[in-house]
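Next come the chains, spelled out residue by residue.
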Amino acid sequence: MKTINQGTIPTMNFSVSVDIKIGAGASKEVGVISKDLGVEKVLCIYDEGIKSAGISNNIVDSLQNEGIKVSTYDKVTPNPPDSIVTNAAEFARKQEIDGIVAIGGGSSIDCAKAVNILLTNPGPIHQYEGKDQVEHEVKPIIAIPTTAGTGSEVTSVTVVTNSEKSRKMIIAGQGCGATTALLDPELTVGLPANVTAGTGMDALTHALEAYISKGASVLTDINALKAIELISKNLYESTVNGTNLQARSNMLIGSLLAGIAFNSAGLGLVHAISHPISSHCGVPHGIANATLLPHVLAFNGEDEKVQDRLRDVASIMGISIVSKGGKETIEHVVEKVSELCEKVNIPRLRDVGVETTEFSQIAADALKEKSMTFTPRKAMKEDIVRILESAY
Ligand SMILES: NC(=O)c1ccc[n+]([C@@H]2O[C@H](COP(=O)([O-])OP(=O)(O)OC[C@H]3O[C@@H](n4cnc5c(N)ncnc54)[C@H](O)[C@@H]3O)[C@@H](O)[C@H]2O)c1
Ligand SMILES: [Zn+2]
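What you see is a predicted model, and the numbers here were worked out from it, not measured in a lab.

Definitions and limits used
Residues numbered from 1 in each chain as written. Chains lettered and ligands numbered in written order. Predicted model: local features only at pLDDT ≥ 70, side-chain atom pairs only at ≥ 80, totals over all residues. Heavy atoms only, no water. Helix = DSSP H or I, 4+ residues; strand = E, 2+ residues; numbered from the N terminus. Rg over C-alpha atoms; globule rule 2.2 N^0.38 Å. Contact = heavy atoms within 4.5 Å. Lys, Arg positive; Asp, Glu negative; His and termini not counted. Charge placed at Lys NZ, Arg CZ, Asp CG, Glu CD. Domains from an automatic or database assignment. Buried area = accessible area lost by both parts, 1.4 Å probe. Salt bridge = Lys/Arg side-chain N within 4 Å of Asp/Glu carboxyl O. Polar contact = N/O pair within 3.5 Å; in protein donor to acceptor, adjacent residues only side chain to side chain. Nonpolar A, V, L, I, M, F, W, Y, C, P; charged D, E, K, R; others polar. Patch = residues over 30% accessible without salt bridge, like charges linked within 9 Å, V, L, I, M, F, W, Y side chains within 5 Å. Areas by Shrake-Rupley, 256 points an atom, 1.4 Å probe, with all protein chains shown as cover. Buried < 20%, exposed > 50% of the residue type's maximum accessible area, 1.4 Å probe, protein only. Donors = N, O, S within 2.8 Å, 3.2 Å for Na, K, Ca; no water. Tetrahedral: all angles 85-135°; square planar, octahedral: opposite > 155°, others 65-115°. Disulfide = S-S within 2.5 Å.

1. As for the overall build of the chain
Then step 1. Summing up its helical and strand segments, the chain has 14 helices and 9 strands in all.
Then step 2. The globule rule puts the C-alpha radius of gyration for 392 residues at 21 Å, and the 20 Å found for the chain is close to it.
Then step 3. Taken over the C-alpha atoms alone, the chain extends approximately 65 × 65 × 40 Å along its principal axes.
Then step 4. For the chain, the proportion of contacts with a sequence separation of at least 24, taken over those separated by at least 6, is 78%.
Then step 5. Within the chain, one finds 35 positive and 45 negative side-chain charges whose respective centroids are separated by 3 Å.

So, in structure tokens, the structure goes:
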């Protein structure tokens, strides 16, 4: 027997368990796909914005054209709270459905995933916080994203706000993913500029955090880097020229790839801080991330390993590095990300209702977030307060 050279071969964990279809008009196939999945009675879950944008009508039509019975729940609210999940699940149970279609941004898709858990598992939803806590198999769920941001259509994660504790619960793993994701850029052309900007910065944050995460591997890197390239090249265009279908399509693919990357690599300090900001101050998820991203990158950039990693990011973002790397690379990347934030009008924390008196609580809560375990540079409470001050 040959002697094995005992090197350090890292163990990699990577999973994607969703069928994906991408293309202009892809959402119109929802009826045929549902039928193929054996679904006869479906609940479409979305919010008021999706309804008034006229997006849900065509999807309901496609389902009905295939003879599928449809009921609708349109009361999802941003950063969906547990109460909405409970309410929607009660409604869903009464409808005796055998499948769900989630239409919208991360809030609608996450709410739908949580409702799906409660169709075959007892409530309340809180007991499933953590990883792989869902016991019974869930029903088919088709996710149709209308923002290019969260990547929820491809992740095995649902984020639900615990209203009593003002805290976001991460429910992940088994039973938390969609069966099929339909990515249709035509659905995103009417997305308002400020939402395009915020959700797009969320996707960029996913890719950057996944790339420098302690959980990163070659399998997540390749997805994260392509996501960074697509998002940094198309975010501005899709924000100022929303009807550019190519830019919209590139953003959807970018956010999907970022979702694939962070689903296995984990996130980091930006998300650890943004979650309490959203729960305490009601700031939209993407905007909260965007306000913090350059400042957290600068903080992480003090770490030499991060400096090395960000050299690849710099070149993919079109920064020609003349320096020998190190801290200068970080400065270039931070500058590039800050410029992008400015070009798409990302506000500062002071402009979105966050008060300096809340910094201490936000920092204390951030330290308890799961994302902290993946962050490449350890952060203390005072570091987080300093980051909040610089983003203010
Ligand atoms: N599950 C995951 O993997 C994951 C990852 C990141 C974030 N999240 C969660 O997702 C939520 C945020 O989702 P989001 O940023 O996509 O925002 P969102 O779903 O809250 O939507 C924001 C607003 O945009 C409107 N909108 C969406 N698409 C539209 C369109 N095409 N045209 C017009 N209006 C449209 C909505 O009606 C809503 O008012 C947060 O709760 C966050 O924690 C989940
Ligand atoms: Zn996010």
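Now that the structure is up, let's keep going.
2. Structural notes on the domain arrangement of the chain
Then step 1. As far as domains go, the chain holds domain 1 (19-188) and domain 2 (193-391).
Then step 2. Just the C-alpha atoms count here: the centres of domain 1 and domain 2 sit 26 Å apart.
Then step 3. Each partner contributes to the interface: domain 1 provides 24 residues, whereas domain 2 provides 24 residues.
Then step 4. Summing both partners gives a buried area of about 2000 Å² for domain 1 against domain 2, and 67% of it is carried by carbon and sulfur.
Then step 5. For the pair domain 1 and domain 2, the interface holds 0 salt bridges.
Then step 6. For the interface between domain 1 and domain 2, the tally reads 2 residue pairs in polar contact (both at pLDDT 80 or more).
Then step 7. Contributing elements (two or more residues each) for the side of domain 1 that touches domain 2: β1 (19-22) and β8 (167-172).
Then step 8. Of the residues contributing to the side of domain 1 that touches domain 2, the split by class is 10 nonpolar, 9 polar and 5 charged.

3. Quick word on a negative patch on the surface
Then step 1. A cluster of acidic side chains, namely Glu328, Glu331, Glu335, Glu339 and Glu342, defines a negative patch on the protein surface.
Then step 2. Looking at where Glu339 falls in the secondary structure, it is placed in helix α12 (residues 327-343).
Then step 3. With a relative accessible area of 42%, Glu339 lands in the partly exposed category.

4. So, the coordination of the zinc ion (ligand 2)
Then step 1. The zinc ion (ligand 2) binds to the protein through Asp202 (OD), His206 (NE2), His271 (NE2) and His285 (NE2), with metal-donor distances spanning 2.1 Å.
Then step 2. Classification of the site at the zinc ion (ligand 2) as irregular follows from its 4 donor atoms and the range of 85 to 161° in their angles at the metal.

5. Quick word on the state of the cysteines
Then step 1. Inspection of the entire model under this criterion finds 0 disulfides.
Then step 2. This cysteine, Cys44, is not joined by any disulfide, and Cys111 carries the nearest cysteine sulfur, 13 Å off.

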